[in-house]
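Chain by chain, the residues run as shown.
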Amino acid sequence: MKKVTAHALIEKKKARQPITWLTAYDYPMAQFEEKAGIDIILVGDSIGMTTYGFDSTLPVTMDLLIPHTQAVRKGAPNVFLIGDMPYMSYQVCAQEAVRNAGRFMAECGCDAIKLEGGREVLDTIKAILRATVPVVGHLGLTPQSIAMLGGFKAQGRDADAAVRLIEDAGVCMILLEAVPPEVGKIIAERAQIPIIGIGAGPHVDGQCLIVHDMLGMFEAFTPKFVKKYASIGEQIVTALKNFTQDVTRGGFPAPEHCYKMPESELRKLEELVKPIK
Ligand code: KIV
């Protein structure tokens, strides 16, 4: 797979070739996604819910995300890799935001970082960009603001915030989450940069999903915008039950799972290990 760059993504937009974006949190999944030709991988703070069992993304920290992002880069050296700035890694002050954004670039080999919010993070985005770190915006349903938004609800009025992020701040891409298709269409048509949707309808420049949602590996809840492409969770449970049944009934291990020993060696071993009296 050829290295996916920001330039290549803009070319895809211009050529009206839809861009694909998934999350990944570990080395094997990153390998599968690169093999499948996915353009963008985000090591999202959704890891808190999909992998660590938290109720929200808020407990996720830089120190938790860094090793996962490193593993994903090892598994997928050619995708456009985005590091996800977790809650309170950029809200306190611009200096901290720049330092944390820089960690994703220097320690993980990311191509960009993503942070949530509109007007309120403009100055922070500018500071990160001045430090030469490309920034992806995230508008609409922004899970880190769940307390302010009053739950995981669809959002609506983000065209103005998008214009600000693009024109005032200079982000290289925007992720639009849970907004009506009309909003996605208006923003994607007017923007020169890729506008990717996760629940933003079909008229945006590409589609993003959380990999655990689309593979059927996250069972707590399924947002309206998710299409399930597999039921891996169910398959895992079936496989585990089969293993338990096999072990219980003596069906595993079978001769083909056992190492062979030459007869002569076996005799020697029997001779050496005399019956204990
Ligand atoms: O953390 C995450 O996985 C996200 C999704 C909305 C893609 O930000």
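Residues numbered from 1 in each chain as written. Predicted model: local features only at pLDDT ≥ 70, side-chain atom pairs only at ≥ 80, totals over all residues. Heavy atoms only, no water.

Description of the site of the ligand
With respect to spatial proximity, 13 residues lie near the ligand, and among them D45, S46, D84, K114 and E177 are the closest. Note that an oxygen atom of the ligand is positioned 2.5 Å from one of the side-chain N or O atoms of S46. Contact distances for the ligand include 3.1 Å between an oxygen atom and a side-chain N or O atom of D84. The cavity where the ligand resides is the largest pocket. (Near = heavy atom within 4 Å. Polar contact = N/O pair within 3.5 Å; in protein donor to acceptor, adjacent residues only side chain to side chain. 1 Å grid on protein atoms, 1.4 Å probe; cavity = no way out; pocket = protein on both sides within 12 Å on 5 of 7 lines; lining within 4 Å. Sits in = over half its atoms within 2 Å of the grid points.)

Considering the packing of aromatic side chains
Applying the stated rule across the entire model yields three aromatic pairs. Summarising the aromatic geometry, the rings of Y52 and F54 are spaced 6.3 Å apart at their centres and angled 15° between planes, so their arrangement reads as stacked. The partly exposed category is assigned to Y52, whose relative accessible area is 40%. Using a relative accessible area of 30% as the deciding quantity, one classes F54 as partly exposed. Geometrically, the ring pair formed by F218 and F221 is edge-to-face, given 5.6 Å between the ring centres and 80° between the ring planes. Judged by its relative accessible area of 12%, F218 is buried. Here F221 falls in the partly exposed class, since its relative accessible area comes to 35%. (Phe/Tyr/Trp six-rings, centres within 6.5 Å; stacked < 30°, edge-to-face > 60°. Buried < 20%, exposed > 50% of the residue type's maximum accessible area, 1.4 Å probe, protein only.)

Examining the layout of surface pockets
Roughly 590 Å³ of volume is contained in the largest pocket. Taken together, 32 residues line the largest pocket, and the ones lying closest to its centre are L141, E177, I198, P223 and F225. Listing elements by their share of the lining of the largest pocket, those giving two or more residues are α3 (47-50), β4 (112-116) and β6 (173-177). Of the residues in the lining of the largest pocket, the class split is 17 nonpolar, seven polar and eight charged. (Points joined across faces, edges and corners; volume = space filled by probe spheres on them. Helix = DSSP H or I, 4+ residues; strand = E, 2+ residues; numbered from the N terminus. Nonpolar A, V, L, I, M, F, W, Y, C, P; charged D, E, K, R; others polar.)

Re the sheet that holds strand β2 (residues 40-43)
Pairing is parallel around the closed barrel formed by eight strands, whose spatial order is β1-β2-β3-β4-β5-β6-β7-β8. Taken pair by pair, the neighbouring strands of this sheet meet at an average axis angle of 25°, ignoring direction. Bridging between β2 and strand β3 (residues 80-84) involves four bridges; their strand directions are parallel. Bridging from a neighbouring strand, I40 pairs with F80 of β3. Here helix α8 (residues 159-169) sits on the sheet and contacts β5 (135-140), β6 and β7 (195-198); the angle it forms with β5, its principal contact strand, is near 170°. (Pairing = 2+ DSSP bridges. Axes fitted to C-alpha atoms, helices over the stretch in contact; angles between N-to-C directions. Contact = heavy atoms within 4.5 Å.)

Brief notes about the pattern of salt bridges
A complete count under the given rule lists 13 salt bridges for this structure. D39 is paired through a salt bridge with K12; the nearest N and O atoms lie 2.9 Å apart. Residue D39 is located in the loop between α2 (27-35) and β2, and its partner K12 is located in helix α1 (residues 6-14); the two are separated by 27 residues in the primary sequence. You can call D39 buried: its relative accessible area is 7%. Notably, a salt bridge pairs R190 with E189, separated by 4.0 Å at the nearest N-O pair. This pair shows no difference in class: R190 is exposed, exactly as E189 is. One salt-bridge network, in which partners are shared between bridges, spans K3, R73 and D111. (Salt bridge = Lys/Arg side-chain N within 4 Å of Asp/Glu carboxyl O.)

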